[in-house]
Amino acid sequence: ALQRVPCTVPCRVASRHEAQWRLFPPTPASFVRSFLPLLSTNCGGPLDDNAAEDVTEFAKFLSELSVCAHPFASARPSSIAVAAVLLGFERLGHSEETREAFRAALASNEGDDGSDPATSRFEVDSPEVRACGALLRRVYRLAVPEDPSPF
C-alpha cells in the first residue's frame, strides 16, 4: 500500500537548516563583478572602461573554469577571483603598474561599505591566491590549448 508523506517540504527545510546549508553563496564570478569599479578610471581605477570590461570578462571566464576543477573546492571564492583578475591583467598585456594599482585598491578596502575592516581586506599576495593563480593557469591551458599566447 502507498503511504502519504504529509510534510515533505517542511522536513526538507528543517534538514537544510540543520545541515547549515547556505543557498547562493558568493561565487568567484560575483567577486570578479564586484571588482569592476576598482579597475575602471571612472572610479579611480587604473584602466579605461573598455580595458576594465575586457579584464573582467576574461576573469569571469577563468572563474567559471574553476568550477570544473576539484582543487578549487577548498579555496575561498574571493581568492579565486583575485587570482583571475591578476591573470587577466597578465593575459591582456597590462603593465605591472596596473596590477600594483589593483593590488593597492584591494589592500586598502578597509570597511568602506561599513563592514569590519578585519574581514573586508583581501590578502592579494596570500599563498592561496598564488596557488589559485597557478591552478587557473593550468586549467586555462587545458581548456584553450590552441591559445598561442605565452600566458
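Residues numbered from 1 in each chain as written. Predicted model: local features only at pLDDT ≥ 70, side-chain atom pairs only at ≥ 80, totals over all residues. Heavy atoms only, no water.

## Concerning the packing of helix 4 (residues 77–91) against helix 5 (residues 96–107)
Two elements in contact, helix 4 and helix 5, have axes separated by 10 Å at closest approach and are oriented at 160 degrees. Relative to helix 5, the element helix 4 is oriented roughly antiparallel. Note on packing geometry: the crossing formed by helix 4 with helix 5 is right-handed. Counting all contacts with helix 4, which are made through Val82, Val85, Leu86, Phe89 and Glu90, the residues of helix 5 involved are Thr98, Arg99, Phe102, Arg103 and Leu106. (Axes fitted to C-alpha atoms, helices over the stretch in contact; angles between N-to-C directions. Helix = DSSP H or I, 4+ residues; strand = E, 2+ residues; numbered from the N terminus. Parallel < 35°, antiparallel > 145°, perpendicular 65-115°, else oblique. Left-handed = near helix turned anticlockwise from the far one by under 90°. Contact = heavy atoms within 4.5 Å.)

## Digging into the confidence of the model for the chain
Residue-level pLDDT values for the chain average 81, and 74% of them are 70 or greater. Put simply, helix 6 (residues 117–120) is where the chain has its lowest mean pLDDT, 44, and helix 7 (residues 127–143) is where it has its highest, 95. Confidence over residues 114–119 falls short of pLDDT 50; this stretch has 3 contacts with residues more than four positions distant or in other chains. (pLDDT = per-residue confidence, 0-100.)

## Some points on the side chain of Arg99
One can find Arg99 in helix 5. Leaving out residues up to four positions away in the same chain, Arg99 has contacts with Leu86, Phe89, Glu90 and His94.

## Description of the pattern of salt bridges
Counted under the stated rule, the structure contains 8 salt bridges. The shortest N-O distance in the salt bridge between Glu90 and Arg137 comes to 2.9 Å. With Glu90 in helix 4 and Arg137 in helix 7, this pair connects stretches of sequence that are 47 residues apart. Residues Arg99 and Glu96 are paired through a salt bridge, measuring 3.4 Å at the closest nitrogen-oxygen approach. In this pair, Arg99 and Glu96 both sit in helix 5, 3 residues apart, roughly one turn of the helix. Several salt bridges share partner residues, and in doing so they unite Glu96, Arg99, Glu100, Arg103 and Asp125 into one network. (Salt bridge = Lys/Arg side-chain N within 4 Å of Asp/Glu carboxyl O.)

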